[in-house]
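An overview of the molecular structure
Here are the chains, one letter per residue:
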Amino acid sequence: MQPSVPDPAPVNGKRRLAPALSDAPVVASARKNGRMSEQNTQGPAHPSAGATLGRAPAGRPDARHVQPSVGSIAAHRPATIAATVSDLDPDIDADLDAYDEDAQIGHDGAELPQGRFLDRERSWLAFNERVLELAEDPQTPLLERANFLAIFASNLDEFFMVRVAGLKRRIATGVATRSASGLQPREVLELIWNRSRELMARHAACYQDDVAPGLADEGIHLVRWHELTEKEQSRLFTLFRQQIFPVLTPLAVDPAHPFPYISGLSLNLAVVVRNPVSGHQHFARVKVPPLLSRFLEASPQRYVPIEDVIAAPAHLQELFPGMEIQEHHMFRLTRNEDLEVEEDDAENLLQALEKELMRRRFGPPVRLEVEESIAPNVLSLLVRELKISEAEVYPLPGPLDLTGLFSIAKLDRPELKYPKFVAGTHRDLAEVESASAPDIFAALHERDVLLHHPYDSFSTSVQAFLEQAASDPDVLAIKQTLYRTSGDSPIVDALIDAAESGKQVLVLVEIKARFDEQANIKWARKLEEAGCHVVYGLVGLKTHCKLSLVVRQEGETLVRYSHVGTGNYHPKTARLYEDLGLLTSNAEVGADLSDLFNRLSGYSRRETYRRLLVAPKSLRDGLVSRIDKETQHHRAGRPSYVRIKVNSMVDEAVVDALYRASQAGVEVDVWVRGICAVRPGVEGLSENIRVRSVLGRFLEHSRIFAFGNGGEPEVWIGSADMMHRNLDRRIEALVRVQDPAHRAALSRLLETGMSDTTASWHLGADGNWTRHSVDPEGRPLRNVQEMLIDARRRRRGTATP
């Protein structure tokens, strides 16, 4: 029988599905899971992540989308350490592919119930709430709490710039339809407005009532202008005259001066002045220069927001001499900053993207943050001139824009931070660490190496692998994907050195990596100038896989060395992101990478590989078939389980496969950092599914897929999350891990993360997450990240006693 969909009240300890807010069925058109049409292989049937969301590309009137159900730590934009840390956010690209929910059948032949998917937007907000809970936790070191407050704010900025902006655009154009969770587009938008308002209020209260006073107790004072001493104010007045005043540009608003353009995420002062001669009031706007420090040091360990310095009465008088300053208020606008490049219409993708980056600054408004003390007439003026609705106005206590706390979190106060951890060289690369670099090729002749960053050093493994390849005269070619990398990247330098020494170097640069487009364009040109062959992947698809291939002449034969990872080739984020990587000289993996690089750079139509699953052709189908196979093993009495660790789990086809496995009795564990559409613990549907989330000092970023496989465990790692955009509109790759010791290590990691004795958040059938950080006696549960740090320290004899 088909499971019913009654009220979500507990029944015999289990929960049943909550009904959708509307009784109408989910509107969705069918698509083949993991398959591309012939048309799709030549050009996208759906817009790419860089294309206009919510409408078919030119010449493609048949492209239909449903309203999505909702980020590298987010969507990843690691240009600096501050931006890197803010990538606790899961990827928040739009998922617009349709899914034929009505046609999905459970393991017993009955249809799976509607309302079985949690709402994606609500799930994303719940993720950011977990980040906020770390900031609210008094057990979190104080400067780390400030850091988590900044991460929360940065995450929410990007959520509004991308997800909310895309939803508003689709509603406005009439293409938004009911989400897979059953919510109408307007219901989703109102849910976002209401829930984000609650979270932003909690965020401000955490700063005002807890973190700022706590920092003051430790001698770090975040003060406002009126709290400064006369000496401090005098010092800042000198600073204002010398370094701030020259770059300020007050803009008047009157019949001769139209309301100025307000750039996204900029801090602004709304100033009301009075002409003492005419008696007329005037409005002016002063933009806070974004390149200046957010918090200025008034005296040692005493910091004041820069907008307070600008808004000081004497300083405003300098900006408006002869006028009477009557009032001033801070405000901040968030705009749609998604890109809209129609790739199949662009003769040169690089040039088209550069033009679109210029347009990004002028997207329509999606959120207005104001100080709660703002005068009603000033607020009315802003709402009218910015053409924003009252529902999108967020009054908050000052200071606005707490992303500025990133700079405070960097203060040199180690006793207020997580204990320092320096990764060591992986033991399979150097049995005894020394000053000399490990010989990667010699090590890989002996065995595969499974890396676990940041616990294993990136610089002495992946970076050393590419640097050694660049300098080795026997290396003939290097092929590399780059999705994001740092501005001073040793990876880019190694590739340039290899090309300049005469080696064949192919680099797949993904210039559409959200918010890193400009940096990637810069490094693409730098690589081209050095003689590297630079290509930008396939039209309509982002190249998100993490691959490196080195071809080396060894005697009479060519040997291929490979790296397949879950994270970007980014030395800075490798110290903050939890990721996995496989270094190997296995001939099958090398042949697979050769075939895949040929597909990316040429016209190969290969769809099957030896030890890889590759999206968009085979990855979803490969995983779904393996999940379904566990049902067969379970029925036959053989060992069976499904264990998955991902950043996001929202792809309906994969989720339905997990439901079918659960209905058949297979134990299913899902370890997800961010958004999740699975409803665990629903009677008749998902009693055997558990969902956990771990957040902490490192960004849980690795993706692992493990299957019992009848007693012969199968484990895969790679770059793909379970989202439409990963499985349909990106080049992603998973590699099968063959070494039994490596499979066992990954299985132990999954078991530890899912254990009830490990600190984590547990997802309920109603979509609510519950934090579990202490046992029934109040003792702290195990922290999986600290356990792994301590394990590495024990190997070096420096473990915590």
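Residues numbered from 1 in each chain as written. Predicted model: local features only at pLDDT ≥ 70, side-chain atom pairs only at ≥ 80, totals over all residues. Heavy atoms only, no water.

1. A closer look at the side chain of Glu307
- Tracing the backbone through its elements, the reader meets Glu307 in helix H7 (residues 306-310).
- When neighbours within four sequence positions are excluded, Glu307 is seen to be in contact with Leu267, Leu269, Val288, Arg294, Met330, Pro399 and Leu400. (Helix = DSSP H or I, 4+ residues; strand = E, 2+ residues; numbered from the N terminus. Contact = heavy atoms within 4.5 Å.)

2. Some details on the pattern of salt bridges
- Counted by the stated rule, this structure contains 43 salt bridges.
- Between Arg620 and Asp651 there is a salt bridge, with its nearest N and O atoms 2.7 Å apart. On the criterion of sequence distance, the pair formed by Arg620 in helix H17 (residues 619-635) and Asp651 in the loop between strand E21 (642-646) and helix H18 (652-663) is long-range, its members being 31 residues apart. The burial state of Arg620 is the same as that of Asp651; both residues are buried. (Salt bridge = Lys/Arg side-chain N within 4 Å of Asp/Glu carboxyl O. Buried < 20%, exposed > 50% of the residue type's maximum accessible area, 1.4 Å probe, protein only.)

3. A few points about the sheet that holds strand E9 (residues 324-335)
- The strand order across the open sheet built from 6 strands is E4-E6-E5-E9-E10-E11, with neighbouring strands paired in mixed fashion. Both edges of this open sheet fall to strand E4 (251-253) and strand E11 (393-396), since each of them pairs with a single strand only. Here the strands of the sheet are splayed against their neighbours by 30° on average, with no regard to which way each runs.
- In the sheet, strand E10 (residues 365-371) pairs with E11 via 4 bridges, with the strands oriented parallel. In the sheet register, Glu371 faces E11, and the bridge partner there is Leu396.
- Against the sheet, helix H5 (residues 185-217) contacts E10 and E11, and its axis sits at roughly 15° relative to E11.
- Here helix H10 (residues 376-386) sits on the sheet and contacts strand E5 (267-274), strand E6 (281-287), E9, E10 and E11; the angle it forms with E10, its principal contact strand, is near 165°. (Pairing = 2+ DSSP bridges. Axes fitted to C-alpha atoms, helices over the stretch in contact; angles between N-to-C directions.)

4. What about the nonpolar core?
- One finds Met649 and Met722 to be the most contacted residues of the largest nonpolar core, which totals 122 residues.
- It is helix H4 (residues 142-173) that contributes the most residues to this core, 14 residues altogether.
- For Met649, the contacting residues outside a window of four places in its chain are Ile644, Val654, Val655, Leu658, Val670, Val672, Ile675, Cys676, Ala677, Val678 and Met722.
- Among the nonpolar cores identified, the runner-up in size contains 40 residues, and Phe465, Ala470, Val559 and Tyr561 belong to it. (Core = buried A, V, L, I, M, F, W, Y, C linked by side-chain atoms within 4.5 Å.)

5. Looking at the pairing of strand E17 (residues 546-554)
- For E17, the tally of buried residues reaches 8 of 9 residues, placing the bulk of the element in the interior.
- Sheet topology places E17 next to strand E18 (residues 557-565); 9 bridges connect them, and they run antiparallel. Of the residues in E18, the one forming a bridge with Val550 is Tyr561.

6. Considering H17
- Here H17 contains 17 residues, and its C-alpha end-to-end distance of 25 Å stays within 8% of the 24 Å for a straight helix at 1.5 Å per residue.
- Those residues of H17 that fall on the buried side of the exposure criterion are Leu619, Arg620, Gly622, Leu623, Val624, Ile627, Glu630, Thr631 and His633.
- Where H17 is buried, its residues contact strand E20 (612-615), E21, H18, strand E25 (703-707), helix H19 (724-728) and strand E27 (730-737).
- Positioned one or two residues after H17, Gly637 has a phi angle of 80°, which is positive. (Expected span 1.5 Å × (residues − 1).)

7. Topic: the packing of aromatic side chains
- In the structure shown here, the tally under the stated rule is 10 aromatic pairs.
- An angle of 90° between the planes, with centres 6.1 Å apart, marks the rings of Phe159 and Phe160 as edge-to-face. Exposure class is identical for Phe159 and Phe160. Each is buried.
- With a centroid separation of 6.1 Å and an interplanar angle of 75°, the aromatic rings of Phe441 and Phe465 are classed as edge-to-face. Taken together, the residues span a long stretch of sequence, with Phe441 in helix H12 (residues 440-446) and Phe465 in helix H13 (residues 462-471) at a distance of 24 residues. For the pair Phe441 and Phe465, a shared accessibility class is recorded, and that class is buried.
- Grouped by ring-pair contacts, the aromatic residues Trp124, Phe127, Phe159, Phe160 and Tyr394 constitute a single cluster.
- If you follow Arg130 out to its NZ or CZ, it ends over the ring of Trp769, 4.0 Å from the centre.
- The positively charged end of Arg367 is found above the aromatic ring belonging to Phe160, 4.6 Å away from the centroid. (Phe/Tyr/Trp six-rings, centres within 6.5 Å; stacked < 30°, edge-to-face > 60°. Lys NZ or Arg CZ within 6 Å of the ring centre and 35° of its normal.)

8. Considering helix H3 (residues 120-136)
- Taking 1.5 Å of rise per residue, 17 residues should cover 24 Å, and H3 covers 24 Å from first to last C-alpha, within 8% of that figure.
- Put simply, Asp119 is the residue that caps the front of H3, since its side-chain oxygen is 3.1 Å from the backbone nitrogen of Glu121. (Polar contact = N/O pair within 3.5 Å; in protein donor to acceptor, adjacent residues only side chain to side chain.)

9. Topic: the environment of Val559
- Structurally, Val559 can be placed in strand E18.
- Residue Val559 is classed as buried on the basis of its relative accessible area of 17%.
- It is 8.9 Å that separates the C-alpha atoms of Val559 and Asn586, two residues lying 27 residues apart in sequence.
- Among residues more than four places away in sequence, those in contact with Val559 are Val550, Val551, Arg552 and Glu554.

10. Topic: the confidence of the model for the protein chain
- Taken as a whole, the protein chain shows an average pLDDT of 83; of its residues, 80% reach a score of 70 or greater.
- Low pLDDT, under 50, characterises residues 1-16; the predicted model gives this stretch 45 contacts beyond four residues in sequence or across chains.
- Predicted confidence is poor over residues 339-347, with pLDDT under 50, and the contacts of this stretch with residues over four places away or in other chains come to 36 contacts. (pLDDT = per-residue confidence, 0-100.)

11. With respect to the sheet that holds strand E8 (residues 302-305)
- Strand order in the open sheet made by the 3 strands is E3-E8-E7, with mixed pairing throughout. Looking at strand neighbours, the two that pair on one side only are strand E3 (221-222) and strand E7 (295-299), the edges of this open sheet.
- In this structure, E3 lies alongside E8, joined through 2 bridges in parallel fashion. Note that in E8 the partner of His221 across the bridge is Arg302.

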